[in-house]
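# Structural overview
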Amino acid sequence: MTNENKIRMQLQCPMPKLDFDVITLGHGSGGTLTNKLLDCGVFDILSNNFLDKRHDGAFLNMNGQMAFSTDSFLVSPIFFPGGNIGEIAVNGTVNDLAVCGAQPKYLSLSFIIEEGLKMTEFWEVLLAIRSACEEANVKIVTGDTKVVEKGKGDKIFINTSGVGAIHPKANIDEGNIKKGDKIIVSGNIATHGMSIMSIREGLDFDTTIESDTTNLNHTISQLLDEYGEKIHLLKDPTRGGVATVLKEIAESSKFGIDLFENNLPIDEQVGSACELLGLDPLYVANEGLFISFVDASIADSFLDSLKQLDKGKNAQIIGTVVVEHPKQVILESSIGGKRVVNMLPGEQLPRIC
Amino acid sequence: MKEYRDPQLAKKYLDEIKRTVTQDWTIMEVCGGQTHSLVKNGIIEMLPEQITMIHGPGCPVCVTPLNLIDKAIYLALVKNVILCSFGDMLRVPGSRMNLLEAKAKGADIRVLYSPLEAIKIAEENPEQDIVFFAVGFETTAPANALSVIHAHRKGLSNYSILASHVLVPPAMKAVINDEENQIDGFLAAGHVCTIMGNAEYYPLSEQHGVPIVVTGFEPLDVLQGILMVLRQLEADKTGVENQYSRIVKEEGNPEAQKMIFEVFEVKDQMWRGIGEIPDSGFALKDKYQAFDAAKKYNVEIEEAPEHPDCISGQIMKGIKKPYECSQFGKKCKPTNPLGAPMVSSEGACAAYYHFSGLAEK
């Protein structure tokens, strides 16, 4: 969410007066307190024709091929430079649908809140959710709120699921990948993960590293309008980073992938933070980023178009699909050496020195 | 950073290495960071066949004694201390579990970047005992020493360190003295020399007739270091040179040394996989005994045997390559390491595994 939007939301949406400063177990009981929380907060903020019916589920009209996706969001801390868990929860599912070639339309929204969460924090998360929905042009049509005892959660967990109709020109399928396809990343890698890491670990840099969380559906939709079936595959490299996604794709196909370290776009500060902590940016999480496998014939034009768009200005061609070394991802290092890129056995742990 | 990763310069160094080499040479890079750089940048395959790189014992988590890991786990699980540790220590196998598993079983284990953060935790939690798992080479010793000095000044009785400090020059000496050693020259660990200086390497080089080049970690550093060792070898010279002079001063960092020797004294030290090496570790001086977690909690844990199939000692002494181990990539993988070098990104086995064709299925 842009700062301007944040300020606008806060001015327009003063928090209603509630009897409690914090979320209590009662707010998840289904009784009066739950209703009060919903009436004074959730429904007001997220109001739309579907949600306002307040039925057990939403009544939707849908035709044709749809994509359906779900994701759960646990972020610590829930507020970080460049966003909060609310935006990530909306953008995450929106982007999962977008990389299916779908135009996300309706989302469900479920909270699991830890007792004691400040009402002001919950309010801020709700505002971020609304703003992210407006920007992505999606509606929250059904939802749920549960509260767990203190110590049994981490402030707030959010699940969103979403549906959207497949773009008429989209044909996204791993089976479409072919030799010579160019692999294009839409922006700087490792930004979100290092933003979270730097605040979690109290690392001081000259300027704050802001998360790249954003919706990608409009950007992808424009590219699909223009390039249609020439876009063979889209993926969002969130957890596990770019390396993990590419390795997964290579493993499930009959092709190999050549990757070029010198082409990987990375913000200088993010790169330094990775160096400092001994982390490989290829494995660090991203949020507002997608990887495209496109037909070689359109690769340059696709890259130019993507670079014209706000969310693709740092885009780069980072690799090629090859028939040599099937199922392997081979990276050409900055000095011209070669190495294999594998998945990590677990999460990356900062090294000693 | 890009200037140390320039492909044109790399090619120049490689061409020069190829022009210079006339016979087979074996060079050990002492530090795990250099091993990581060699493998990550694909340098080993780019070198001429005559040059064999072998990977030294310079991975601090790899050489931390098994028994000490068991002690750390015991302190965290049974004594309910808040155990603070550097990140890559968490996956190193103890005899029954690692610290990550202990954490999953309810131990309060926190990943920190500096022991000074542990001091802050100790101040904020006066009711709880905080133990910092002070592992590392000479590079981490000043900060660990400083944490003890701070705790002493502030009268923090709830802070102590479980120390396993290892020193590089005695380990190099032990490696040279090993009967099976075939090392012709060394890349010494640049970061260690930023603290301790280069003085200890002169007698080592002279007595054993080996070239030693103090080397950095970027790909061009490593290539230049190799070239410098090679030039000495081909000219039948032995001496100490400093490739990493942009960072390493001849005398090191006297302030940091002062801090270290205020708190620590040199002692014999057990190296996992290698055994005891004389004068190769740091122990807390008498004045600071109160901050020695091993003594404070008087933990006695039976010495457990290493996994019988693990040949990590031979790997860290450079006698064998990871792929020469019968269990490499079979029973022993990063998800199920039989020995410590399969854990840290700087461990030779993990580096070979991760950047080789052996994908984790």
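Residues numbered from 1 in each chain as written. Chains lettered and ligands numbered in written order. Predicted model: local features only at pLDDT ≥ 70, side-chain atom pairs only at ≥ 80, totals over all residues. Heavy atoms only, no water.

## What about the overall build of chain B?
Spelled out, the test is: Where helices and strands are cited, they refer to DSSP runs of H or I of at least four residues and of E of at least two residues respectively, numbered from the N terminus. Burial here depends on accessible area, computed with a 1.4 Å probe over protein chains only, as a share of the maximum for the residue type. Under 20% is buried, over 50% is exposed, and the range in between is partly exposed. Here, two residues are considered to be in contact whenever any of their heavy atoms come within 4.5 Å of each other. Working definition of accessibility: Shrake-Rupley area with a 1.4 Å probe, residue cover restricted to the visible protein chains. Two residue types count as positive, namely Lys and Arg, and two as negative, namely Asp and Glu; His and chain ends fall outside the count. Throughout, a charge is located at the NZ atom of Lys, the CZ atom of Arg, the CG atom of Asp or the CD atom of Glu.
When helices and strands are counted, chain B shows 16 helices and 11 strands. Dimensions of chain B along its principal axes, counting C-alpha atoms only, are 65 × 50 × 40 Å. Across the 361 residues in chain B, those meeting the buried criterion constitute 60%. In chain B, the proportion of contacts linking residues at least 24 apart, taken out of those at least 6 apart, comes to 77%. About 14,800 Å² of surface is accessible on chain B, with carbon and sulfur atoms providing 48% of the total. Chain B carries 36 positive and 47 negative side-chain charges, and their two centres are separated by 5 Å.

## A closer look at unusual backbone geometry
A:Pro77 follows A:Ser76 through a cis peptide bond whose omega is 0°. Note that A:Pro77 resides in the loop between strand S1 (66-73) and strand S2 (79-80). Unusually for a residue other than glycine, A:Ala190 sits at a positive phi of about 70°. Here A:Ala190 falls in the buried class, since its relative accessible area comes to 0%. One non-glycine residue, B:Asn80, adopts positive backbone phi at about 55°.

## Some thoughts on the interface of chain A and chain B
Note the cut-off: For any pair of parts, buried area is found by adding up, for both, the accessible area (1.4 Å probe) each one loses once the two are put together. Here, a salt bridge means any side-chain nitrogen of Lys or Arg that lies within 4 Å of a carboxyl oxygen of Asp or Glu. We define a polar contact as two N or O atoms separated by no more than 3.5 Å, with the added condition that, inside protein, one atom must be a possible hydrogen donor and the other a possible acceptor, whereas residues neighbouring each other in sequence contribute only through side-chain atom pairs. Throughout, the ten residues Ala, Val, Leu, Ile, Met, Phe, Trp, Tyr, Cys and Pro are labelled nonpolar, Asp, Glu, Lys and Arg are labelled charged, and all others, Gly among them, are labelled polar.
The interface is formed by 30 residues belonging to chain A together with 38 residues belonging to chain B. Both sides of the chain A and chain B interface together cover about 2,900 Å² of buried area, and 58% of this is carbon and sulfur. On inspection of chain A and its partner chain B, the count reaches one salt bridge. Between A:Glu275 and B:Arg5 there is a salt bridge, with its nearest N and O atoms 2.4 Å apart. Put simply, chain A and chain B have five residue pairs in polar contact (both at pLDDT 80 or more) between them. Those elements giving two or more residues to the side of chain A that touches chain B turn out to be helix H7 (241-252), helix H8 (268-277) and strand S13 (338-341) of chain A. The dominant element in the side of chain A that touches chain B, judged by the number of residues it contributes, is S13(A), at three residues. Looking at the side of chain A that touches chain B residue by residue, the class counts come to 12 nonpolar, eight polar and 10 charged.

## Here we look at the confidence of the model for chain B
Selection criterion: Every residue gets a pLDDT, meaning the predictor's confidence in that residue, from 0 to 100.
On average, chain B scores 92 in pLDDT, and the residues at 70 or more come to 98%. Within chain B, strand S8 (residues 212-215) of chain B carries the highest mean pLDDT (98), whereas helix H16 (residues 348-355) of chain B carries the lowest (85).

## A short note on the packing of aromatic side chains
All names here are of chain B. Heads up, the rule is: Each Phe, Tyr or Trp ring, with Trp reduced to its six-membered ring, pairs with another whose centre is within 6.5 Å; inter-plane angles below 30 degrees give stacked pairs, above 60 give edge-to-face pairs, and intermediate values give tilted ones.
For the coordinates displayed, the defined rule picks out 10 aromatic pairs over all chains. Between Phe261 and Phe282, the aromatic rings sit 5.8 Å apart at their centres with planes inclined by 85°, giving edge-to-face as the arrangement. Of the two residues, Phe261 sits in helix H13 (residues 254-263) while Phe282 sits in strand S11 (residues 275-284), which places them 21 residues apart along the sequence. What makes Phe261 partly exposed here is its relative accessible area of 34%. Pairing Phe328 with Tyr353 gives two aromatic rings, centres 6.1 Å apart and planes at 80°, and the pair type is edge-to-face.

## Concerning the pairing of strand S2 (residues 51-58) of chain B
Residues and elements named next belong to chain B. The test is simple: DSSP bridges decide pairing: two strands pair if at least two such bridges lie between them.
In terms of residue burial, S2 counts as a mostly covered element, since seven of its eight residues are buried. The pairing of strand S1 (residues 25-31) with S2 spans six bridges and is classified as parallel. When the bridges of S2 are listed, Thr26 appears paired with Thr52.

## What to know about the packing of helix H7 (residues 115-124) of chain B against helix H8 (residues 141-154) of chain B
All names here are of chain B. We count it as follows: Lines are fitted to the C-alpha atoms to define the axes, a helix being fitted only along its stretch in contact, and any angle between axes, read from their N-to-C directions, falls within 0 to 180 degrees. Working rule for angles: under 35 degrees goes down as roughly parallel, over 145 as roughly antiparallel, 65 to 115 as roughly perpendicular, anything else as oblique. Should the near helix be turned counterclockwise from the far one by less than a right angle, the crossing is left-handed, whereas a clockwise turn marks it as right-handed.
Closest axis-to-axis distance for the H7/H8 pair is 8 Å, and the angle between their directions is 25°. Classified by the interaxial angle, the pair formed by H7 and H8 is roughly parallel. Note on packing geometry: the crossing formed by H7 with H8 is right-handed. Contacts between H7 and H8 involve Pro115, Leu116, Ile119 and Glu123 from the first element and Ala143, Asn144, Leu146, Ser147, His150, Ala151 and Lys154 from the second.

## Some remarks on the environment of B:Asp88
Among the structural elements, B:Asp88 can be located in the loop between strand S3 (82-85) and helix H6 (99-104). Along the primary structure B:Asp88 and B:Ile176 are separated by 88 residues, whereas in three dimensions their C-alpha atoms are 28 Å apart.

## Some thoughts on the sheet that holds S11(B)
Residue and element names in this part refer to chain B. Across the sheet, which stays open at both edges, the six strands sit in the order S4-S3-S5-S6-S11-S10 with mixed pairing between neighbours. Pairing within the sheet leaves two strands with one partner each, and these edge strands are strand S4 (109-111) and strand S10 (264-271). Between one strand and the next, the sheet's axes are offset by a mean angle of 25°, whatever the strand orientation. With three bridges joining them, S3 and S4 adopt parallel strand pairing. Looking at S4, one finds that Cys84 is bridged to Arg110. This element, H7, spans S3, S4, strand S5 (130-136) and strand S6 (159-166) of the sheet and lies at about 175° to S5. Packing against the sheet, H8 makes contact with S5, S6, S10 and S11, and its axis sits at approximately 155° to S6.

## Focus: empty space enclosed by the protein
In this approach a probe as big as a water molecule rolls over the atoms, and the regions it shows empty are the leftover space. All names here are of chain B. Put simply, the test is: Cavity and pocket criteria rest on a 1 Å grid covering protein atoms alone: a 1.4 Å probe that fits but cannot get out defines a cavity, protein on both sides within 12 Å along at least 5 of 7 lines defines an open pocket, and an atom within 4 Å of a point defines a lining residue. Grid points are joined across faces, edges and corners, and a volume is the space filled by probe spheres set on the points.
All told, the structure shown has five cavities of 30 Å³ or more when counted by the stated rule. Lining the largest cavity are 15 residues, with Cys310, Ile311, Cys325, Cys332 and Cys349 sitting closest to its centre. In terms of residue class, the lining of the largest cavity is made up of 11 nonpolar, three polar and one charged. Computed from the structure, the second largest cavity encloses a volume of approximately 60 Å³. In terms of lining residues, the second largest cavity is bounded by 14 residues, among which Gly56, Cys59, Glu346, Gly347 and Ala348 are the most central. Those elements that provide at least two residues to the lining of the second largest cavity are helix H2 (32-40), S2 and helix H15 (312-316). Of all the elements, S2 adds the most residues to the lining of the second largest cavity, at four residues. Among the residues forming the lining of the second largest cavity, the class breakdown is seven nonpolar, six polar and one charged.

## Considering the nonpolar core
To be explicit about the condition: Buried Ala, Val, Leu, Ile, Met, Phe, Trp, Tyr and Cys residues form a nonpolar core when they are joined through side-chain atoms within 4.5 Å.
One finds B:Leu99, B:Phe132, B:Phe133, B:Tyr159, B:Phe186, B:Tyr201 and B:Ile212 to be the most contacted residues of the largest nonpolar core, which totals 88 residues. The next biggest cluster of nonpolar side chains, apart from the first, holds 61 residues, and it includes A:Ala250, A:Cys274, A:Leu309 and A:Val321.

## A word on H7(A)
Residue and element names in this part refer to chain A. Heads up, the rule is: Multiplying one less than the number of residues by 1.5 Å gives the expected span of a helix.
A rise of 1.5 Å per residue sets the reference length of H7, with its 12 residues, at 16 Å; its end C-alpha atoms lie 17 Å apart and thus fit the reference within 8%. Counting buried positions along H7 yields nine of 12 residues, so the element is predominantly enclosed. Listed in full, the buried residues belonging to H7 are Gly241, Val242, Ala243, Thr244, Val245, Leu246, Lys247, Ile249 and Ala250.

## Digging into the pattern of salt bridges
Throughout the structure, instances matching the rule amount to 22 salt bridges over all chains. Across the pair A:Arg339 and A:Glu261 runs a salt bridge whose closest N-O atoms are separated by 3.8 Å. Of the two residues, A:Arg339 is situated in strand S13 and A:Glu261 in the loop between strand S9 (256-260) and H8; the sequence distance between them amounts to 78 residues. Here A:Arg339 and A:Glu261 have matching classes, each one buried. Measuring nitrogen to oxygen at the nearest pair gives 3.0 Å for the salt bridge that ties B:Glu262 to B:Lys287. Taken together, the residues span a long stretch of sequence, with B:Glu262 in helix H13 and B:Lys287 in the loop between S11 and helix H14 (293-296) at a distance of 25 residues.

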